[in-house]
Amino acid sequence: MVKNEEMNHASLKKFLSELSFSHPVVQLSYIGESVLGREIPLVTLGEQNAPKSVLYVATHHACESICTSLLIKFLTEYVSLYEKNGSSYQININALHKMRKIYIVPMINPDGVEYRLNGVGENNPIRERVIAYNGGEDFSLWQANARGVDLNHNYNAFFDEYKELEKERGITQGRTKFSGEYPESEPETAALCNLIRYILPTLEGVITLHTQGEEIYYSSRGKLPKKSVHVSKILSKMTRYNLCEPSDTACYGGLTDYLITTHDIPSFTVECGRGTNPLPYDMLGKIYTDVREMLFTFPILF
Ligand SMILES: [Zn+2]
C-alpha cells in the first residue's frame, strides 16, 4: 500500500483520500493550513465514544519526513488488521478500535518538506526572502517551516528564556532553531495546539516522531507527569532506544515540553533511527521494526 518513495504533501493527501474513501475505518479531516496554504491532514482511528485517546505527530522537521512514512506504515497495517479482525502484539485491533482513539498528524510541516524535496518554487510569494534565510537555493538540509521558523521551538514552553538564548547566539529565521515571534505564531503549531485543546478531555499520551539517535525524551526540565516514568521504561524496552534528558537548545519550546508543562500529559519525543539527517529512505523498514510495537501498544498503556 505504501509506495517505496518519500511522500510530499501532495502524495500524502492523495494517499489518505484514497485510503479513507475505500476504508471507512479511516476518518480523514484537516486541522488547518500551513503558511503556504497546504491543508494539514488528521487521521482519526477509533470509535466516536472511545473513552481514551492518544496522539501521534510526525515531521516537525523537514529533514525528518521519513517519520511520516512510519506513521503511514502503522496506519495501513492497522487498517488491514482491523478488516480481518486481526491482532498485533496480542492486541486485537477491533477491540482496540472500540477502546481507544488514535489521532495521527503525519506531516505537521508540509511546506518544509516541499522545500527540501522540490525547492522553494518559482511562484512562492516569499521566495527571495526564504532563499536569503537559507543562504542559497539548496534546501536539502532545511528543517523549518515555509518562513524559517523551527516548529518544534514554537510552542509555549520556556519561550521567553529561549528568546534570550537566540539573541546571545544570533539565531534568526533560517533552516533550523528559530522559535518565531511568539508561541503558536505559526499556523501549523496553532492548528495542532487547537486540536490538542479540543481533545484534551480524553487525551492520555502523545508520541512525537523525529530522527535521529535512537533515543526517547520523556521529561521537561525534570517535570514528569504521573505515568511518564513507567511508560517511558516500557517504550525504551520495546524500541531498544535509550531514555534521555534534553539538553541545550532542546530544552525550549518543543511540543513535548508544552504538553508536559502546560497540560501534564505524558509525552515522548522519539528520535528514530541512527545516522545523519535526512536518513536514507531505504532505512524505513528497519526503523519501522524498531517502533512498530510501541505504536500498537502505546494506546493501551493508559
Ligand atoms: Zn526533529
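In this text, all values refer to a predicted model and were calculated from it rather than measured experimentally.

Chemist: So what exactly am I meant to see when it comes to the layout of surface pockets here?
Modeler: Summary: where empty space remains is shown by rolling a probe the size of a single water molecule over the atoms. Approximately 490 Å³ is the volume attributed to the largest pocket. If you go around the largest pocket, you meet 24 residues; those closest to its centre are His61, Asn152, His210, Ala250 and Glu271. Every element with two or more residues in the lining of the largest pocket is listed here: strand E7 (203–211), strand E8 (215–217), helix H9 (255–263) and strand E10 (267–272). Classifying every residue of the lining of the largest pocket gives five nonpolar, 13 polar and six charged. By volume, the second largest pocket is sized at about 160 Å³. Forming the walls of the second largest pocket are Tyr89, Glu214, Met238, Thr239, Arg240, Tyr241, Lys286, Thr289, Asp290, Arg292 and Glu293.

Chemist: Would you mind going over the packing of aromatic side chains with me for this structure?
Modeler: Each aromatic ring pair is summarised here by two numbers: the centre-to-centre distance and the angle between the ring planes. Per the counting criterion, the structure on display carries eleven aromatic pairs. Geometrically, the ring pair formed by Tyr56 and Phe298 is tilted, given 6.1 Å between the ring centres and 45° between the ring planes. With Tyr56 in strand E3 (residues 52–58) and Phe298 in the segment after helix H10 (284–297), this residue pair connects regions lying 242 residues apart in the sequence. Here Tyr56 falls in the buried class, since its relative accessible area comes to 0%. One aromatic cluster in this structure is built from Tyr56, Phe74, Tyr78, Phe268, Phe296, Phe298 and Phe302. Just above the ring of Tyr252 sits the side chain of Arg221; from NZ or CZ to the centre is 4.9 Å.

Chemist: What should I look at first to understand helix H4 (residues 110–118) in this one?
Modeler: Since the α-helix advances by 3.6 residues per turn, residues separated by three or four positions end up pointing in the same direction. Where burial is concerned, most of H4 is hidden: seven out of the nine residues are buried. Turning to H4, its buried residues number three or more, namely Pro110, Asp111, Gly112, Val113, Glu114, Tyr115 and Arg116. Structurally, H4 contributes buried residues whose contacts are with helix H1 (9–22), strand E2 (39–45), helix H5 (127–134) and helix H7 (187–199).

What counts and how
- Residues numbered from 1 in each chain as written.
- Predicted model: local features only at pLDDT ≥ 70, side-chain atom pairs only at ≥ 80, totals over all residues.
- Heavy atoms only, no water.
- 1 Å grid on protein atoms, 1.4 Å probe; cavity = no way out; pocket = protein on both sides within 12 Å on 5 of 7 lines; lining within 4 Å.
- Points joined across faces, edges and corners; volume = space filled by probe spheres on them.
- Helix = DSSP H or I, 4+ residues; strand = E, 2+ residues; numbered from the N terminus.
- Nonpolar A, V, L, I, M, F, W, Y, C, P; charged D, E, K, R; others polar.
- Phe/Tyr/Trp six-rings, centres within 6.5 Å; stacked < 30°, edge-to-face > 60°.
- Buried < 20%, exposed > 50% of the residue type's maximum accessible area, 1.4 Å probe, protein only.
- Lys NZ or Arg CZ within 6 Å of the ring centre and 35° of its normal.
- Contact = heavy atoms within 4.5 Å.

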